[in-house]
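The residues making up each chain are set out below.
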Amino acid sequence: QVQVTESGGGLVQAGGSLRLSCAASGHTTSMYGMGWFRQAPGKEREFVAGSTWTDGQTYADSVKGRFSISRDNAKNMIFLQMNNLKPEDTAVYYCTSTRPRTLEYVYWGQGIQVTVSS
């Protein structure tokens, strides 16, 4: 059974940085696409960043140049480095995974709160 678990959220001032981590169990991350989504209060869940099983990376326009996704396949983990955070980045952040060598995200973590104060 595939499970993904986020950690590293919290409260930070605008302009600051946070690093989110996601630990995957039940699969080997090297074979799976992994990604991050977020959901702000009153808004729909939106894509933030993704990393394919070939380590191709994509980002939402709103975070390009500020956020960076990376993976450590030896530890079955992915990370989201968030720099120059803005109040509009405040949201619950979700780690997600595809099935092997596919593009659809089907496994989701519980989410972790990131709050950016102005």
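In this text, all values refer to a predicted model and were calculated from it rather than measured experimentally. Just so you know, the residues in each chain are numbered from 1, in the order the chain's sequence is written. Under the rules for a predicted model, residues below a pLDDT of 70 receive no local features and side-chain atom pairs below 80 are neither given nor counted, while totals for whole chains, interfaces and linings still include all residues. No hydrogens and no water enter the side-chain calculation; it runs on all heavy atoms of the structure.

Novice: Mind laying out the sheet that holds strand E1 (residues 3-7), listing which residues take part and the relevant values?
Specialist: In spatial order, the strands read E1-E3-E8-E7; together these four strands make up an open sheet with antiparallel pairing. Every other strand in the sheet has two partners, leaving E1 and strand E7 (67-72) as the edge strands with one partner each. Recorded for the sheet is a direction-independent mean angle of 20 degrees between the axes of neighbouring strands. As paired strands, strand E3 (residues 18-25) and strand E8 (residues 77-82) are joined by six bridges and run antiparallel to one another. Bridging across to E8, alanine 23 finds its partner in methionine 77. By definition, two strands form a pair when at least two bridges between them are found by DSSP. Runs of H or I in DSSP of at least four residues are treated as helices and runs of E of at least two as strands, each being numbered from the N terminus. Axis definition: a line fit to C-alpha positions, over the contact stretch in the case of helices; interaxial angles, taken between N-to-C directions, run 0 to 180 degrees.

Novice: Can you explain the nonpolar core? Please cite residues and give values.
Specialist: What tends to happen in soluble globular proteins is that the nonpolar side chains get buried as a cluster. The criterion is simple. A nonpolar core is a set of buried Ala, Val, Leu, Ile, Met, Phe, Trp, Tyr and Cys residues joined through side-chain atoms within 4.5 Å. For every residue, the accessible area obtained with a 1.4 Å probe (protein chains only) is divided by the maximum for its type, and the residue is called buried under 20%, exposed over 50%, and partly exposed between those limits. Judged by nonpolar contacts, the single largest core of 27 residues is most densely connected at Trp36, Leu80, Met82 and Tyr93. When residues of this core are assigned to their parent elements, the largest contribution, four residues, is made by E3.

Novice: A description of the state of the cysteines should follow, citing residues and the corresponding values.
Specialist: Note on terminology: disulfide describes a covalent bond linking the sulfur atoms of two cysteines. Any two cysteine sulfur atoms lying within 2.5 Å of each other are counted as a disulfide. Overall, the coordinates contain one disulfide when judged by the stated rule. The disulfide partner of cysteine 22 is cysteine 95, and the gap between their sulfur atoms is 2.0 Å. Between cysteine 22 and cysteine 95, the disulfide has an S-S torsion of -80 degrees and is therefore left-handed. Note that cysteine 22 is positioned in strand E3 and cysteine 95 in strand E9 (residues 91-100), a separation of 73 residues in sequence. Grouping residues by exposure puts cysteine 22 and cysteine 95 together as buried.

Novice: Describe the packing of aromatic side chains, and please don't skip the residues or the numbers.
Specialist: Pairs were defined over the aromatic rings of Phe, Tyr and Trp, the Trp ring being its six-membered one, requiring ring centres within 6.5 Å. Orientation was assigned from the angle between planes: stacked under 30 degrees, edge-to-face over 60, tilted for the rest. The full count for this structure, using the stated rule, is three aromatic pairs. On the numbers, 5.5 Å between centres and 80 degrees between planes, the contact of phenylalanine 37 with phenylalanine 47 is edge-to-face. With phenylalanine 37 in strand E4 (residues 32-39) and phenylalanine 47 in strand E5 (residues 46-51), this pair connects stretches of sequence that are 10 residues apart. Between the aromatic rings of phenylalanine 37 and tryptophan 108, the centroid separation amounts to 5.0 Å while the plane-to-plane angle is 70 degrees, which identifies the pairing as edge-to-face. One end of the pair, phenylalanine 37, is in strand E4; the other, tryptophan 108, is in strand E10 (residues 105-108), with 71 residues separating them in the sequence. Taken together, the aromatic side chains of Phe37, Phe47, Tyr105 and Trp108 make up a single cluster linked through ring pairs. The rule is short: NZ of Lys or CZ of Arg within 6 Å of the ring centre and within 35 degrees of the ring normal puts a charge over the ring. Over the ring of phenylalanine 79 we find arginine 19, and its NZ or CZ is 4.0 Å from the ring centre. The ring of tyrosine 94 carries arginine 45 above its face, with NZ or CZ at 3.8 Å from the centroid.

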